[in-house]
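A closer look at the structure
For reference, the chains in residue letters:
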There are 2 protein chains.
Amino acid sequence: MTSTLITNIGELVTNDPAMGDGSFLGVAHDAALVIEDEHVAWIGPASKAPPTDAREDIGGRAVVPGFVDSHTHLVFAGERSAEFAARMAGERYTGGGIMTTVTATRAASDTALRVHTAHLAAEMLASGTTTIEIKSGYGLTVADELRLLRIAGEFTPETTFMGAHVVPLEFANDRDGYLDLVCGEMLATCSPYARWIDVFCDTGAFSAEETRRVLAAGIEAGLLPRLHGNQIQHGPGVQIAVEFGAASVDHCTHLDDSDIEALAASDTVATLLPGADFSTRSPYPDARRLLDAGVTVALATDCNPGSSFVTSIPLCIALAVREMQMTPAEALHAATAGGAAALRREGIGHLSVGARADIVVLEATTFVHLAYRPAAPIVARAWRGGATSPPQ
Amino acid sequence: MTSTLITNIGELVTNDPAMGDGSFLGVAHDAALVIEDEHVAWIGPASKAPPTDAREDIGGRAVVPGFVDSHTHLVFAGERSAEFAARMAGERYTGGGIMTTVTATRAASDTALRVHTAHLAAEMLASGTTTIEIKSGYGLTVADELRLLRIAGEFTPETTFMGAHVVPLEFANDRDGYLDLVCGEMLATCSPYARWIDVFCDTGAFSAEETRRVLAAGIEAGLLPRLHGNQIQHGPGVQIAVEFGAASVDHCTHLDDSDIEALAASDTVATLLPGADFSTRSPYPDARRLLDAGVTVALATDCNPGSSFVTSIPLCIALAVREMQMTPAEALHAATAGGAAALRREGIGHLSVGARADIVVLEATTFVHLAYRPAAPIVARAWRGGATSPPQ
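Computed from a prediction, not measured in an experiment: that's the story for all the values here. (Residues numbered from 1 in each chain as written. Chains lettered and ligands numbered in written order. Predicted model: local features only at pLDDT ≥ 70, side-chain atom pairs only at ≥ 80, totals over all residues. Heavy atoms only, no water.)

Here the focus is the interface of chain A and chain B. Every contact between the two is made by 41 residues of chain A and, on the other side, 41 residues of chain B. Counting the surface lost from both chain A and chain B, the interface buries some 3400 Å², and carbon and sulfur atoms represent 61% of this. Counting the surface chain A buries against chain B, the share from its top three residues, F278, R322 and Y372 of chain A, is 24%. Remark: the boundary between chain A and chain B carries 2 salt bridges. (Contact = heavy atoms within 4.5 Å. Buried area = accessible area lost by both parts, 1.4 Å probe. Salt bridge = Lys/Arg side-chain N within 4 Å of Asp/Glu carboxyl O.)

Regular strands place side chains that alternate from one sheet face to the opposite one. Residue and element names in this part refer to chain B. Of all 7 residues that make up strand 10 (residues 158-164), 7 are buried, and the element is covered over most of its length. Strand direction decides the pairing type here: strand 9 (residues 129-135) and strand 10, joined by 3 bridges, are parallel. Opposite E133, over in strand 10, you have E158 as the bridge partner. Judged from the 3 bridges that link them, strand 10 and strand 11 (residues 196-201) form a sheet pairing that is parallel. (Buried < 20%, exposed > 50% of the residue type's maximum accessible area, 1.4 Å probe, protein only. Helix = DSSP H or I, 4+ residues; strand = E, 2+ residues; numbered from the N terminus. Pairing = 2+ DSSP bridges.)

All names here are of chain B. When we look at burial in helix 2 (residues 98-107), the residues that qualify are I98, M99, T101, V102 and T105. The buried residues of helix 2 occupy an angular sector of 155 degrees when the element is viewed end-on, so they sit on one face. Turned more than 90 degrees away from the buried face of helix 2 sit T103 and A107, all of them exposed. Those residues of helix 2 that are buried are in contact with helix 3 (110-126), helix 4 (142-153) and strand 11. (Arc of directions from axis to C-beta.)

All names here are of chain A. With respect to the secondary-structure elements, P192 resides in the loop between helix 5 (175-190) and strand 11 (196-201). Looking at P192, the relative accessible area reads 60%, which means it is exposed. In this structure the C-alpha to C-alpha distance between P192 and E261, which are 69 residues apart in sequence, comes to 35 Å.

Moving on, we come to the packing of aromatic side chains. Residue and element names in this part refer to chain A. Applying the stated rule across the entire model yields 10 aromatic pairs over all chains. Here the aromatic rings of F76 and Y138 are separated by 6.3 Å at their centres, their planes lie at 70 degrees, and the arrangement is edge-to-face. In this pair, F76 is assigned in the loop between strand 8 (67-69) and helix 1 (81-88) and Y138 in the loop between strand 9 (129-135) and helix 4 (142-153), connecting sequence segments 62 residues apart. Comparing F76 with Y138, the two get one shared label, buried. (Phe/Tyr/Trp six-rings, centres within 6.5 Å; stacked < 30°, edge-to-face > 60°.)

Here we come to the domain arrangement of chain A. In many reports, interface size means the accessible area that the parts give up when they come together. Residue and element names in this part refer to chain A. Domain annotation of chain A identifies domain 1 (3-65 + 350-388) and domain 2 (68-342). Domain 1 and domain 2 are separated by 30 Å when their C-alpha centres are compared. Across the contact, 19 residues belong to domain 1 and 17 residues belong to domain 2. Surface buried jointly by domain 1 and domain 2 totals about 1500 Å² across both partners, of which 75% is contributed by carbon and sulfur atoms. For domain 1, the biggest contributors to the area lost against domain 2 are F24, L370 and R384; these three give 32% of the whole. Joining domain 1 to domain 2, the criterion identifies 0 salt bridges. Seen at the junction of domain 1 and domain 2, the total is 3 residue pairs in polar contact (both at pLDDT 80 or more). Secondary-structure elements contributing two or more residues to the side of domain 1 that touches domain 2 are strand 7 (62-65), helix 13 (369-372) and strand 17 (379-384). (Domains from an automatic or database assignment. Polar contact = N/O pair within 3.5 Å; in protein donor to acceptor, adjacent residues only side chain to side chain.)

With that out of the way, let us pick up the sheet that holds strand 10 (residues 158-164) of chain A. Residues and elements named next belong to chain A. Reading across from one edge, 8-9-10-11-12-13-14-15 is the order of the 8 strands in this open sheet, with parallel pairing throughout. Sheet topology places strand 8 and strand 15 (297-299) at the edges, where each strand pairs with a single neighbour. Across the sheet, the mean angle from the axis of one strand to that of its neighbour is 25 degrees, orientation sign disregarded. Here helix 5 sits on the sheet in contact with strand 10 and strand 11, set at roughly 155 degrees to strand 10. (Axes fitted to C-alpha atoms, helices over the stretch in contact; angles between N-to-C directions.)

This is how it looks when you write it as structure tokens:
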């Protein structure tokens, strides 16, 4: 067991209201922390720090918990910049381009997918993300969905089976046949490699009835539910997520009063994906209303080549502040503790004794710079599970 | 003299309509280029490349001209994240916080200013910017304005005297006295260290009459005019810029028909600063209308600690596409050739034989990724004046 003292922290965000200033961010000054192996072993005033094997002086910089990116589609091949440019010239986002990526992904070798995913995961870590969720959904055959989940599992335990991403072209005239496959052989094959079941419940994707069927089958197979909902239009996604006790319903762009009420009365997190709203020129969700109603909000990238080729949680924080009227503190909390809640994880998303040592040092004296300096190289260094990683 | 062949370029943006696809971006495929010392010595089909001393295979990546950031306030001390957070919570931007930075800057040592400027300039180069303009305006005494311009001159020949940034507190009851100083001793002392004269012509800053007085004095002292105008409200800035033959009028958020007509009939560039609109939650300028009227548009960061702590031209490009309906091609052109026009520079902002070898290699196969992958580490490497710089 080796221990490292992290000291000379200008501002320490713990997400522990018992710490520091007593706010939900639990901001402490003149604090230090000790990493022992993978975990945080001690936090307190720098002047009372215990002896350790090593010592890291981080020069008065701010320290925040590692970001938890609870919504990504990271295993894919190809890119869709031409579709992006067409959309920026006026075409609407319908989700119809997903099959482009399915075709490219099916054609890619395991090695190509692994190398590409590793590249994006490294980008994410360099911008402060220490936990990622990864969905399948660009395979849409039994063999390809399995392949994507096995590769995803090399990068994270938070793997999500999303055979119900779109109905693939070869089943265009047989939706029920595809759903039989998803809920039958595909689920049976994939469920050992996934923690979560997810469905794209939206206009042009899957209906309420189809969504319920897939979620029920996934739960029966031992998976935990989460949902894409209310992105493209208002629909039943949020209500179904709450009905099934989903950990999270993601996008939430189009909500009505009853959706907000249902979320507020539930344990379901509303995961907002401003990178997707940015990259599809869509309206941003009404984060203010969700927060004011007491809903737990998470921020994630939705990283995918169609609607949000974004790896940077700091960009999501900046967009949440600029476009969704979240305060910098609320946005940081959503990208850390919120993401952890969306993944039902206790030991990440905060810095407390016993938490995983996922620690991000900012090239700044305060976390506010995450929004104040959009697109700057704001992450000086990071530890993930106590292991240090080089700066960007 | 040493020569280097840059080859295996996936897509080469030259900004030379005589090259490649004949568009204003002059996009060539299967092209290569040769750097000799500081300049581009040859461009053509890779198969016809001449022999060179060295050879760089850039692996099919896209190459674009180095970005020209024609509007920054890079020499300053301190930060204003608290003011930013207050603004995001609803306070309006009035420019009133400039004195906070003036106080911090006056108190900073030359060395502290130099180190901070170097840090930001390195950030800019790492994100692809190979030419920067730097304004004074956080000194507002003869000695401090001189100091800022001398430090700015260590980083760029594009130095701008901007004593008329705000009226400093000590002259609050004597505006005319301050303008006498700016146009008298301050200008006389500073003009040998500046190429440009600039005035903040806006509500709460300097009036039309004051602006004309300062510009006329600057021109008399041998400086070339440029202007901040029409940022906070509609005002006379654009018309005065055109009247004085300014190289550029910057911000242009609030324009009327006669402003657009005046710009279209002039050589004055409209420099748009979407980082400032982002960071002050202001409306974005109507770039579409300017472009459609035939106005030359530039994109720049406005990097400063109050209204736009942004160093990333790629972010400005992404915002121009998302928020200002510029195409990715128009946005890239504005951030390269547009910036060069705003600085009246012939030898930068394009890649042609004889141009300065300011070359940016993207971590992408096409320049569209500058908008498609917001806040990604999109710059793989850069050459500035033929000298290579390490990646980010």
